[in-house]
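Descriptive structure summary
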Amino acid sequence: MLWSFFNNKTMKALLIIDIQNDFLPGGSLAVTNGDKIISIVNKTQKHFDLVIATQDWHPANHKSFASNHSNKAIFEVIKLNGSDQVLWPDHCIQGSFGADFSTELNMHQVSAVIRKGTNLEIDSYSGFFDNNKQNSTGLHGLLKEKNITEVYVCGLAADYCVYYTAKDAAELGYKTFFIEDATKPISDENYALAKEDLTSLGVIFTDSSKL
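To keep things clear, this report deals only with the structure shown in the data block. One numbering rule holds for all chains: residues counted from 1, following each sequence as written. Only residues with pLDDT of 70 or above have their local features reported here, since the model is predicted, and side-chain atom pairs are shown and tallied only from 80 upward, although totals for entire chains, interfaces and linings are computed over all residues. Excluded from the side-chain calculation are hydrogens and water; included are all heavy atoms of the structure.

**A closer look at the overall build of the protein**
To keep things clear, this is the line we draw: By the criteria applied, helices consist of DSSP H or I runs no shorter than four residues and strands consist of E runs no shorter than two, each listed in order from the N terminus. Computation of the radius of gyration draws on C-alpha atoms alone. For the globule rule, the value is 2.2 Å times the number of residues to the power 0.38. With a 1.4 Å probe rolled over the protein chains alone, any residue whose accessible area is under 20% of its type maximum counts as buried; one over 50% counts as exposed, and the rest are partly exposed.
Along the protein, the regular secondary structure elements total 5 helices and 8 strands. Secondary structure elements of the protein occur, N-terminal to C-terminal, as α-β-α-β-β-β-β-α-β-α-β-α-β. For 211 residues, the compact-globule formula gives about 17 Å, and the C-alpha radius of gyration of the protein, at 17 Å, lands near that figure. Seen through its principal axes, the protein has C-alpha atoms that stretch 65 × 35 × 30 Å. Per-residue burial over the protein gives 48% buried out of 211 residues.

Written as structure tokens, this is what we have:
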């Protein structure tokens, strides 16, 4: 009977996306009010069997940085290895303060940190793959190893890395939940489009009070 209970238990994972200094107020790519979600994220962790954090971890010469392209402006869109690429301010450079997790984020329940964006040739918004889906971060394998069937996403930013992580989770077959009060977007307009896309994939929008 005990084995049957554990065998039938729904295993849930919380994916905390990129709560790093450069995405918080004062950072080089700050999300407005990004710091306001941290206490909510901390409180939600107790509800999950597995907690994983992703971390943007770019080399200084990463090709998603506008500074590494002559005569290109921040937020300009170019083609990079066949895909549209927004040119960002330098952010989350490996070993920098900006790449560090916020000291306000509770890391005690985090079982693993998944680093992404390490290949200078391609960006990685999703916690699962690079933007061309040529390389995996190992997150999918870890979730499968832990028998996870439900994935909940939160963090920064709602319309980029959280969105793409949720999208990949749904497409990989996980029942996927988007915790709306535990994330903030860069652009409300982009977030509305992202939400429409995720809804079409069956992603469920919820908030922390319903966990």
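**Some words on the layout of surface pockets**
In plain terms, the rule: A pocket here means an open set of points on a 1 Å grid, computed over the protein atoms alone, that has protein on both sides within 12 Å along at least five of seven lines. A cavity is instead a set of points where a 1.4 Å probe fits but cannot get out; residues with an atom within 4 Å of a point line either one. Grid points are joined across faces, edges and corners, and a volume is the space filled by probe spheres set on the points. When residues are grouped by polarity, Ala, Val, Leu, Ile, Met, Phe, Trp, Tyr, Cys and Pro land in nonpolar, Asp, Glu, Lys and Arg in charged, and all others, Gly among them, in polar.
The computed volume of the largest pocket comes to approximately 270 Å³. The wall of the largest pocket is formed by 15 residues, among which Asp84, Val86, Tyr125, Tyr160 and Tyr164 lie closest to the centre. Of all the secondary structure elements, the ones that give two or more residues to the lining of the largest pocket are β4 (83-86), α4 (161-171) and α5 (188-200). Here the lining of the largest pocket is built from residues that sort into 8 nonpolar, 4 polar and 3 charged.

**A short note on empty space enclosed by the protein**
One pass over the full model with this rule turns up 1 cavity of 30 Å³ or more. Within this model, the largest cavity holds a volume of roughly 130 Å³. Surrounding the largest cavity, 16 residues form its lining, Phe23, Leu29, Asp56, Tyr160 and Cys161 being those nearest its centre. Broken down by class, the residue content of the lining of the largest cavity amounts to 10 nonpolar, 3 polar and 3 charged.

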